[in-house]
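In case you want the letters, here they are:
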Amino acid sequence: MAYSKRDAPNCDWCPYKKNCFYELLGTKESKKAWREIRLAHPHKRGEVIFHEGAMPQGVYVVCTGKVKVYKSSRTGQQLTTRVESPGDLLGHVTLLSDEGAYTATGEALEPSIVSMIDKNTFYAFLAKYPPASHALLKELAKDVRRGENKARDIAFKPARGRLADTLIRMMVPKKPYAIVAGIKRRDLAEMAGLTIETTVRLLKDFEERAVLRKKEKDLLILSEERLRALAGSAS
């Protein structure tokens, strides 16, 4: 899979840069260096970025789109552990742990542009710009907190609230309605930690409550306020 400088978006013009590791770097010099070492590749929906069991080649950044990270069982079942949005790092935990292969697979949920910095270049960048290590610690702390929150929700939050939370995370603001575009029911179920049967039943319930409406492969969020109420009331 060819990553190239040509496909790398300009970080300074990126609408998602406030959510990105790039913005945490601080100095103009380190930001310029980060822009210069990035390579990128446009991924189609369903295209794998890295495979569970493969050795890490570097660190990745989601520039556009969404990427799901999931673990697979021997029987082929999948468990989505997280969904990464523009600005999020990918593969950094395995790379930094230096304990071998990826323990999960990264796959584009929708057409996405992903940047990559190879392992040696990334380590050289951290050595040359020590404040970047502090920025990386912030990203790792964010990952830990997200993991703790998901574990809490699975343990204590009912199914309805977990699905509502997942829809809120995945929806994109549009006129006249926000939209959850082209996400398979299976993916929604994995993200929320539910069975497909429960997910389909709850989506039908949300339709009856006039919270959302199906439109081909998309879900139109008719009432974001009601959706957030369902998530909150189920806490």
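Reference entry: report on the structure contained in this document. Model, not experiment: these values are computed from the prediction. (Residues numbered from 1 in each chain as written. Predicted model: local features only at pLDDT ≥ 70, side-chain atom pairs only at ≥ 80, totals over all residues. Heavy atoms only, no water.)

**Re the sheet that holds strand β9 (residues 178-180)**
- With antiparallel pairing, three strands are arranged side by side in an open sheet as β9-β11-β10. Two strands lie at the open edges of the sheet, namely β9 and β10 (212-215), each paired on one side alone. Mean inter-strand twist for the sheet, computed between neighbouring axes without regard to direction, equals 30°.
- Judged from the three bridges that link them, β9 and strand β11 (residues 218-221) form a sheet pairing that is antiparallel. Residue pairing across strands places Ala-178 opposite Ile-221, the latter belonging to β11.
- Relative to β10, helix α8 (residues 196-208) is tilted by about 115°, and along the sheet it contacts β10 and β11. (Pairing = 2+ DSSP bridges. Helix = DSSP H or I, 4+ residues; strand = E, 2+ residues; numbered from the N terminus. Axes fitted to C-alpha atoms, helices over the stretch in contact; angles between N-to-C directions. Contact = heavy atoms within 4.5 Å.)

**A few points about the environment of Glu-216**
- Along the chain, Glu-216 turns up in the loop between β10 and β11.
- Sequence separation between Glu-216 and Arg-226 is ten residues, and the spatial gap between their C-alpha atoms is 22 Å.

**Describing the sheet that holds strand β1 (residues 39-43)**
- Pairing in this open sheet of four strands is antiparallel, and the strands run β1-β8-β3-β6 from one edge to the other. Two strands lie at the open edges of the sheet, namely β1 and β6 (89-90), each paired on one side alone.
- Pairing of strand β3 (residues 58-64) with β6, which is carried by two bridges, proceeds in the antiparallel orientation. Note that in β6 the partner of Tyr-60 across the bridge is Leu-90.

**Regarding the packing of aromatic side chains**
- Evaluation of the coordinates by the stated rule reveals eight aromatic pairs.
- Consider the rings of Trp-34 and Phe-122, whose centres lie 6.4 Å apart with planes at 70°: the pair is edge-to-face. Of this pair, Trp-34 sits in helix α2 (residues 28-37) while Phe-122 sits in helix α4 (residues 119-128), and the two are 88 residues apart along the sequence. Pair check on accessibility: Trp-34 and Phe-122 agree, each one buried.
- The ring of Tyr-70 carries the charged tip of Lys-68 above its face, separated from the ring centre by 4.9 Å. (Phe/Tyr/Trp six-rings, centres within 6.5 Å; stacked < 30°, edge-to-face > 60°. Buried < 20%, exposed > 50% of the residue type's maximum accessible area, 1.4 Å probe, protein only. Lys NZ or Arg CZ within 6 Å of the ring centre and 35° of its normal.)

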